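Single-letter residue listing:
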Amino acid sequence: MPSGDALLWMHKALVREIRDPALRDRLALSYRSIQGGDLAGAWEGLREIVEAESEVAEWLREGGHITETEYVTASHEVPPAGGESRTGIVVEISRRNWVSAQRYDYHQQKDVERLELDELNAAWLAGGGKLQVRSDALLPEILQRLRDGLPVVDPGEAFLLRGNLWGDVDLRNLQRWEAHYRGNDGQVELFRDLSIVLNRPRLGMINSNQSWGDSRKAKEIFARQEWNKIPVRWQEYLWYRENVDWDAYRGTEGYDRMTQEMFDGNPFAAFKVANYILGKTRFRTLQWGAVQRIAVEKREPLRAALVRGLKDGTLIGPEGYDRFALEQFSGNSALAFSVARSLLGKSDFESLGWVRQKRSTVQEQGEILATLRGGISEGTFLGPDGYVEFAKRHFGGDAMKAYQVAQALLSPGEFAGLQWGAMRLTPVTEQTRLLAMLRAGIEDGSLKGIEGYVRFAELECFGNLQKAYRVARSLLGEDDFPSLQWGSVQFMRAADRSRLQANLRSGLADGSLVGIQGMQDFADREFGGSVFKAGRSAKQLLSDSEYERLSWSIRAALKK
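Cut-offs applied
Residues numbered from 1 in each chain as written. Predicted model: local features only at pLDDT ≥ 70, side-chain atom pairs only at ≥ 80, totals over all residues. Heavy atoms only, no water. Helix = DSSP H or I, 4+ residues; strand = E, 2+ residues; numbered from the N terminus. Buried < 20%, exposed > 50% of the residue type's maximum accessible area, 1.4 Å probe, protein only. Areas by Shrake-Rupley, 256 points an atom, 1.4 Å probe, with all protein chains shown as cover. Contact = heavy atoms within 4.5 Å. Axes fitted to C-alpha atoms, helices over the stretch in contact; angles between N-to-C directions. Parallel < 35°, antiparallel > 145°, perpendicular 65-115°, else oblique. Nonpolar A, V, L, I, M, F, W, Y, C, P; charged D, E, K, R; others polar. Phe/Tyr/Trp six-rings, centres within 6.5 Å; stacked < 30°, edge-to-face > 60°. Salt bridge = Lys/Arg side-chain N within 4 Å of Asp/Glu carboxyl O. Expected span 1.5 Å × (residues − 1). Arc of directions from axis to C-beta. Bend = angle between axes of the 7 residues up to and from the residue. Polar contact = N/O pair within 3.5 Å; in protein donor to acceptor, adjacent residues only side chain to side chain. pLDDT = per-residue confidence, 0-100.

## Considering the overall build of the chain
Then comes step 1: Summing up its helical and strand segments, the chain has 26 helices and 5 strands in all.
Then comes step 2: Residue burial in the chain is summarised as follows: out of 560 residues, 44% are buried.
Then comes step 3: For the chain, the exposed surface amounts to about 28500 Å²; the carbon and sulfur share of it is 48%.

If you want it as structure tokens, here you go:
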């Protein structure tokens with residue numbers, strides 16, 4: 001017999017899908033049965049509703065539950081009966097499929113076992129069934145279907161296969177599968193292969209999340225495929241990758257030379273293209289420093305203006321910051337800050353006294369300051385609720401930008417008086433849902449410990465463990481956050497934990513990662529040179545005895 005929690009979850013899933021008034025009345029009766037403790041009656045009612053609505057009774061097993069699986073739709077033609085030809089059942093395999101009770105895990109919502117999917121697929125194919133890819137299908141699922149030999153009759157609006165991009169295409173002609181399309185190189189290979197299959201040599205790539213329709217789904221796809229939004233056509237990407245001697249453009253002089261020779265003096269474009277093509281690890285070997293956002297020929301005049309303003313005091317402090325932004329960048333404070341930081345040495349830039357980068361323009365900051373101070377005096381912007389209100393009113397719910405703008409414009413004392421707590425990384429519209437999810441996960445244990453930490457990161461932060469930690473901490477606050485029992489923050493992606501753990505143990509076994517030099521090598525390869533992140537990660541992935549045998553010391557490595 002399913003538990004009360006499982007029945008409630010099943011009821012909630014069905015309420016979202018069932019529209020028939022009579023069935024909705026029966027759902028209401030089942031809900032009252034659950035509340036009254038009649039689990040047997042509720043279970044029987046829910047099973048009848050599912051059989052009547054989805055017509056999958058032939059595959060419904062005794063004691064089944066609803067769980068997750070892939071997004072595809074299957075349909076097959078029912079043989080003619082009595083001389084009449086008619087269309088038979090349409091079976092949808094989505095996040096509402098049935099699996100046997102003994103394999104059901106309510107909290108983890110495990111995928112349908114591979115064996116059961118094979119049985120269902122065999123039943124469809126034996127009856128002349130065909131698969132039709134749904135609009136929210138992901139590339140890995142589509143390729144897995146094709147690899148299993150399941151015919152695709154219409155890709156429709158699915159993922160990369162939207163009709164307005166390429167029309168209908170049989171991906172089996174690509175002769176490549178999921179592993180071949182990982183990373184930036186894999187993304188380019190996919191578009192190249194599609195252009196060949198479709199005989200469209202000038203087929204472009206989709207570089208913005210918005211152009212994929214659902215921006216959140218697009219981000220998930222990018223994360224799973226390890227893709228970045230490449231800023232050039234796939235043909236240009238291949239040319240740069242295969243024909244440029246990148247080592248000839250090392251250092252800041254090489255950066256400037258490449259900017260002028262290949263990117264019409266646009267240093268930002270040069271930086272982006274090199275970063276995406278080489279990948280972060282190899283790109284760091286170029287030693288280009290910070291990204292430049294202005295043309296080479298404009299740098300010396302701007303550097304001279306900064307040095308002059310530093311010497312005579314006209315660009316020092318908040319007023320000097322505003323003056324430089326107005327005179328040189330039409331009031332764009334963020335650009336003025338980044339340009340000054342890239343053109344001046346560290347000590348000279350610190351001498352300017354520009355404490356924080358402003359994400360507002362000079363022209364609008366007076367109005368924002370007046371609004372903030374008015375909200376402080378009236379109490380409307382105080383505390384976490386006031387934080388949310390300010391973000392909603394003035395920044396479209398962008399809590400991160402609202403926090404950064406207020407922090408940059410107010411004095412430290414004024415900002416502390418807001419009592420906003422930690423900066424929130426999620427939009428206001430998402431915070432209520434995420435907070436409810438975290439509290440429920442604490443109560444039922446599903447988000448507790450390292451397993452819960454990884455689960456939350458995969459569900460809500462595209463596997464980014466550091467971001468998941470910061471999101472949860474900012475929403476729960478210092479009092480409730482420890483209840484998650486997540487330990488310290490992890491500086492890696494959930495998908496990389498096993499690989500990094502294996503590499504650490506391999507390097508420990510052969511001695512290549514033992515000692516401070518091994519620590520530095522691991523940091524350079526995996527964490528952009530940060531020995532702090534490398535050390536903290538190793539400590540979390542290894543046992544105490546294994547970490548001790550590495551002979552690593554974060555303090556010693558930082559002093560080196």
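## Re the environment of Phe271
Then comes step 1: Position of Phe271 among the secondary structure elements: in helix H10 (residues 267-284).
Then comes step 2: Put simply, Phe271 and Gln292 are 21 residues apart on the chain and 7.9 Å apart in space, counted from C-alpha to C-alpha.
Then comes step 3: The residues touching Phe271, leaving out its near neighbours within four places in the chain, are Tyr255, Phe283, Trp288, Gly289, Ala290 and Val291.

## What about the packing of helix H11 (residues 296-312) against helix H13 (residues 333-343)?
Then comes step 1: The N-to-C vectors of H11 and H13 enclose an angle of 90°; their axes lie 10 Å apart at closest approach. Classified by the angle between their axes, H11 and H13 sit roughly perpendicular to one another. The segment H11 lies against H13, with Arg299, Leu302, Arg303 and Leu306 engaging Val339, Ala340 and Leu343.
Then comes step 2: Each residue belonging to the contact of H11 with H13 can be placed in one class, and the counts come to 5 nonpolar, no polar and 2 charged.

## Considerations on the packing of aromatic side chains
Then comes step 1: For the structure on display, the rule yields 29 aromatic pairs.
Then comes step 2: Ring centres 5.5 Å apart and planes at 80° place the aromatic pair Trp239 and Tyr240 in the edge-to-face group.
Then comes step 3: Residue class for Trp239 comes out partly exposed when judged on its relative accessible area of 45%.
Then comes step 4: Here Tyr240 falls in the buried class, since its relative accessible area comes to 9%.
Then comes step 5: Geometrically, the ring pair formed by Phe324 and Phe329 is edge-to-face, given 5.7 Å between the ring centres and 70° between the ring planes. For the residue pair Phe324 and Phe329, the accessibility class agrees, reading buried in each case.

## Quick look at the pattern of salt bridges
Then comes step 1: In total, this model carries 15 salt bridges according to the counting rule given.
Then comes step 2: Ionic pairing is found between Glu300 and Arg303, a salt bridge with its closest N-O pair at 2.2 Å. Separated by 3 residues within a single helix, Glu300 and Arg303 lie in helix H11, roughly one turn from each other.
Then comes step 3: Since its relative accessible area comes to 26%, Arg303 is described here as partly exposed.
Then comes step 4: With its nearest N and O atoms 3.2 Å apart, the salt bridge here joins Arg473 to Glu478.
Then comes step 5: Through salt bridges with shared partners, one network takes in Asp496, Arg499, Arg525 and Glu526.

## Notes on the environment of Leu306
Then comes step 1: With respect to the helices and strands, the residue Leu306 is situated in helix H11.
Then comes step 2: Residue Leu306 is classed as buried on the basis of its relative accessible area of 0%.
Then comes step 3: Sequence spacing of Leu306 and Phe349 is 43 residues, and the spatial spacing of their C-alpha atoms is 9.2 Å.

## Here's the deal with unusual backbone geometry
Then comes step 1: Positioned with a positive phi, Gln419 is a non-glycine residue whose angle comes to about 60°.
Then comes step 2: Within the secondary structure, Gln419 is located in the loop between helix H18 (412-418) and helix H19 (428-444).
Then comes step 3: Classification of Gln419 as exposed rests on a relative accessible area of 59%.
Then comes step 4: Positive phi values are uncommon outside glycine, yet Gln485 reaches one of about 55°.
Then comes step 5: When you line up the elements, Gln485 lands in the loop between helix H21 (465-480) and helix H22 (497-510).
Then comes step 6: Residue classification places Gln485 among the exposed residues on the basis of a relative accessible area of 51%.

## Section: the side chain of Ser30
Then comes step 1: Within the element layout of this structure, Ser30 appears in helix H2 (residues 21-35).
Then comes step 2: Overall, Ser30 belongs to the buried group, its relative accessible area being 4%.

## Side note on H2
Then comes step 1: Over its 15 residues, H2 extends 21 Å from the first C-alpha to the last, a length consistent with the 21 Å expected when each residue adds 1.5 Å.
Then comes step 2: Taken together, the buried positions of H2 are occupied by Leu23, Leu27, Ser30, Ser33 and Ile34. Along the axis of H2, the buried residues cluster in a sector spanning 115°; they form a single face. Those residues of H2 that are exposed and aimed more than 90 degrees away from the buried face are Pro21, Asp25, Arg32 and Gln35.
Then comes step 3: A positive phi of about 90° marks Gly37, the residue just after H2.

## Brief notes about H10
An α-helix turns once per 3.6 residues; consequently, residues spaced three or four apart project the same way.
Then comes step 1: When the terminal C-alpha atoms of H10 are compared, their 16 Å separation across 18 residues is substantially less than the 26 Å that a helix rising 1.5 Å per residue should span.
Then comes step 2: Along its length, H10 reaches its greatest deviation from straightness, about 105°, at Leu278.
Then comes step 3: Within the span of H10, buried status applies to Pro267, Ala270, Phe271, Val273, Ala274, Ile277, Leu278 and Phe283.
Then comes step 4: The N-cap of H10, judged by a side-chain oxygen 3.1 Å from the amide nitrogen of Phe268 a few residues on, is Asn266.

## Regarding the confidence of the model for the chain
Then comes step 1: Chain-level pLDDT for the chain is 75 on average; 69% of the residues reach the 70-or-more range.
Then comes step 2: Overall, residues 150-168 carries pLDDT values under 50, and its contacts beyond four positions in sequence, including any with other chains, amount to 64 contacts.

## Digging into the side chain of Ser338
Then comes step 1: Along the polypeptide, Ser338 turns up in helix H13.
Then comes step 2: Ser338 gets classed as buried once you look at its relative accessible area, which sits at 17%.
Then comes step 3: For Ser338, the side chain forms a polar contact with the main-chain oxygen of Leu335, separated by 3.1 Å.

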